[in-house]
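# Structural characterization, general
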Amino acid sequence: MLSIIRLLSQRVALGLLSLFAVSVIIFLAVEMLPGDLAEAMLGQSATADTVAAFRAQLGLDQPPLQRFIGWMGGILQGDFGVSLANGREIGELVSTRLGNTLRLAGLAALISVPVAVLLGMLAALYRNSWFDRMLNTTALSTVSFPEFFVAYILILVFSVQLGWLPSIANITPEDSWLTVLERSMLPVITLSLVVIAQMMRMTRAALINLLSSPYIEMARLKGIKKSRIIYYHALPNALAPIITVVALNLAYLVVGVVVVEVVFVYPGLGQLLVDSVAKRDIPVVQACSLIFAVTYIALNTSADVLAIATDPRLMHPRS
Amino acid sequence: MKTIAKHVWQAPLSAQFGLAVIVLYIFVAVFAPTLAPYGETEVVGEGFAPWNGEHWLGTDNLGRDMYSRLLYGARNTVGIAFVTTALAFLIGGLAGLVAAVKGGWVDQGLSRIVDVLMAIPQLIFALLILSVVGTTVTSLILVIALLDATRVFRLARSVAMGVVTLDFVEAARLRGEGMWWLITREVLPNTIAPLIAEFGLRFCFVFLFISALSFLGLGIKPPTADWGSMVRDNAILITFGDISPLLPAAAVAILTVGVNFVVDWMLHKSSGLKG
């Protein structure tokens, strides 16, 4: 038991360390600007005095270390600073959009995880059958499609030709949950399709890897029933790889929302990020990047933690 | 040459399809100016003209010939993706091999840097850096190549690690061969097969990535004909049931499917008959 706790705390510590490293990188990215933020914002025509005043207003006259501590401390208290484009609080700008993005990703996960894991398991069990081959070719093609291609095909079929669903997901906080659900239907389906293909392929690969290991062969040679091999011998060991696959794909999903949100004009964090990059509103870009990176790292770390926690070999240490 | 032809002949249908697609795209990319009836940025008529005899696929939002731009897109989009992938392999592959051969603190240092870079989602990282340095073709290529080099590094290092422990490398070391010899003569020839397969996969990834960035308006800039931005510029037509904006997206999809089929076949061949 002790070894599990040690392994787990190592993983969590590593996750926290990469979080810290990532926040340093996000902070330093701005330092790479030729000149600094004040000069970049005001442009060439600004006089030295204006630049200096603006620099003082942004706090850029302080040394980098002090600014980093100030920035980090602010974020830990929920204060992300203000947007350069419109002077609004970033925290306020981000909060409703974060909720929207998480709802989109959450709904997509709710659909895609069971479907993908089930399909992956079936494909691995009946591998090299026509069912497996068909599924595999379809998945390989879907993985190769750009997200916007899938999105526009769905729009063309379901909203233009059939007229069932709206093509634009312009939801507002006042909408009832039913409206919200209807309007976010196409984005959710797009995102699910893209992730299902990837997740199914990875689940299949992980299971086939497991089913070809010697102890499964042994169980089969002993004459144990197929269902018993799967439930008692294969599944406990398959749990860890499947969990890893799911968590990795959820991490992908959180990032994958960016393109989907832009296609459907969905008011989420991804769209805010893209708009801010175009406007070079760097404090907002930093805030959004940090939120995405934190979610991504958190999911990856929990994948590792769960994989360790469900590993039967660690549950029953030899000594 | 004869054996290659034989391999291709015996390949499964999907791989043959993939190879045909790749050859077709290369042909179009090379001969785009000869094949295209109009210039890349030439305004030839009204915007959003429907398909007709003069303009096979109609015109785009600014009245440029859609078909010509589609052909030029093969050159620009595929070309930039290819250069980026090649650069990523040069940086990542070399660093990975050096890390495996040198070992010790060189390996530790490079690996930790890569770990940190890989902890940030790639799209987010690219957006962050592009917002700071601005979106030009050069910065696009450099940023994506650097980010992708981390993935190549991982693979190259882990494959090379397996080779470095073998006796013939040890023998070469004892002979007193230098690092460059070890990398190019001993390790590289034995790691080339998985690296080529990875090149195909990486190319697909970079290609989709650049198309996505262009689609978001943050990649290849107008007026250069590029498939991602062509979808973005003409997307409005889809709401009227016109499928022309989907064609550049389909062009991206078909090439990626083709390359994936070929890589799948190569991996299958080199791994025996596993999976």
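Thresholds, definitions, all that
Residues numbered from 1 in each chain as written. Chains lettered and ligands numbered in written order. Predicted model: local features only at pLDDT ≥ 70, side-chain atom pairs only at ≥ 80, totals over all residues. Heavy atoms only, no water. Helix = DSSP H or I, 4+ residues; strand = E, 2+ residues; numbered from the N terminus. Buried < 20%, exposed > 50% of the residue type's maximum accessible area, 1.4 Å probe, protein only. Contact = heavy atoms within 4.5 Å. Areas by Shrake-Rupley, 256 points an atom, 1.4 Å probe, with all protein chains shown as cover. Lys, Arg positive; Asp, Glu negative; His and termini not counted. Charge placed at Lys NZ, Arg CZ, Asp CG, Glu CD. Phe/Tyr/Trp six-rings, centres within 6.5 Å; stacked < 30°, edge-to-face > 60°. Lys NZ or Arg CZ within 6 Å of the ring centre and 35° of its normal. Salt bridge = Lys/Arg side-chain N within 4 Å of Asp/Glu carboxyl O.

### Here we look at the overall build of chain A
- When you go through chain A residue by residue, the secondary structure sums to 14 helices and zero strands.
- Secondary structure of chain A in N-to-C order comes out as α-α-α-α-α-α-α-α-α-α-α-α-α-α.
- Overall, chain A is about 85 × 60 × 35 Å in size when its C-alpha atoms are taken along their principal axes.
- When the 319 residues of chain A are sorted by exposure, 45% land in the buried category.
- Expressed as a percentage of contacts within chain A between residues at least 6 apart in sequence, the contacts between residues at least 24 apart total 73%.
- Of the roughly 16200 Å² that chain A leaves accessible, carbon and sulfur atoms contribute 66%.
- Between the centroid of the 21 positive side chains of chain A and the centroid of its 19 negative side chains there is a distance of 21 Å.

### Remarks on the packing of aromatic side chains
- A complete count under the given rule lists 14 aromatic pairs over all chains for this structure.
- Ring plane angle 80 degrees and centroid distance 6.2 Å describe the contact between A:Phe20 and A:Phe68, whose orientation is recorded as edge-to-face. With a gap of 48 residues between them, A:Phe20 in helix H1 (residues 2-31) and A:Phe68 in helix H4 (residues 64-76) connect regions that are remote in the sequence.
- When its relative accessible area of 48% is taken as the criterion, A:Phe20 is described as partly exposed.
- Centre to centre, the rings of B:Phe17 and B:Phe261 are 6.3 Å apart; their planes meet at 65 degrees, and the pair counts as edge-to-face. Residue B:Phe17 is located in helix H2 (residues 13-35), and its partner B:Phe261 is located in helix H10 (residues 246-270); the two are separated by 244 residues in the primary sequence.
- Assessed through its relative accessible area of 11%, B:Phe261 is described here as buried.
- Three or more aromatic residues joined by ring pairs make a cluster, and in this case those are B:Tyr25, B:Phe203, B:Phe207 and B:Trp227.
- The ring of A:Tyr232 is capped by A:Arg228, whose NZ or CZ atom sits 4.4 Å from the centre of that ring.
- Seen from the ring of B:Phe205, B:Arg202 lies directly overhead, with NZ or CZ sitting 5.0 Å from the centre.

### Considerations on the pattern of salt bridges
Residues and elements named next belong to chain B.
- The full count for this structure, using the stated rule, is nine salt bridges over all chains.
- A salt bridge links Asp148 to Arg202, with the shortest nitrogen-to-oxygen separation between them at 2.6 Å. Linking Asp148 in helix H6 (residues 137-164) with Arg202 in helix H8 (residues 179-215), this pair joins segments that are 54 residues apart in sequence.
- Residue Asp148 is classed as buried on the basis of its relative accessible area, which comes to 0%.
- Ionic pairing is found between Glu177 and Arg175, a salt bridge with its closest N-O pair at 3.1 Å.

### Side note on the environment of B:Asp107
Residues and elements named next belong to chain B.
- Note on placement: Asp107 falls in helix H4 (residues 104-118).
- For the pair Asp107 and Ala95, spaced twelve residues apart in sequence, the C-alpha to C-alpha distance is 9.0 Å.
- Not counting residues within four places of it along the chain, the set of residues in contact with Asp107 comprises Ala99, Arg157 and Met161.

### Focus: the side chain of A:Ser289
- Residue position: A:Ser289 is located in helix H13 (residues 282-309).
- What makes A:Ser289 buried here is its relative accessible area of 1%.
- With near-sequence residues (within four places) excluded, A:Ser289 lies in contact with A:Ile26, A:Leu273, B:Ile124 and B:Leu128.

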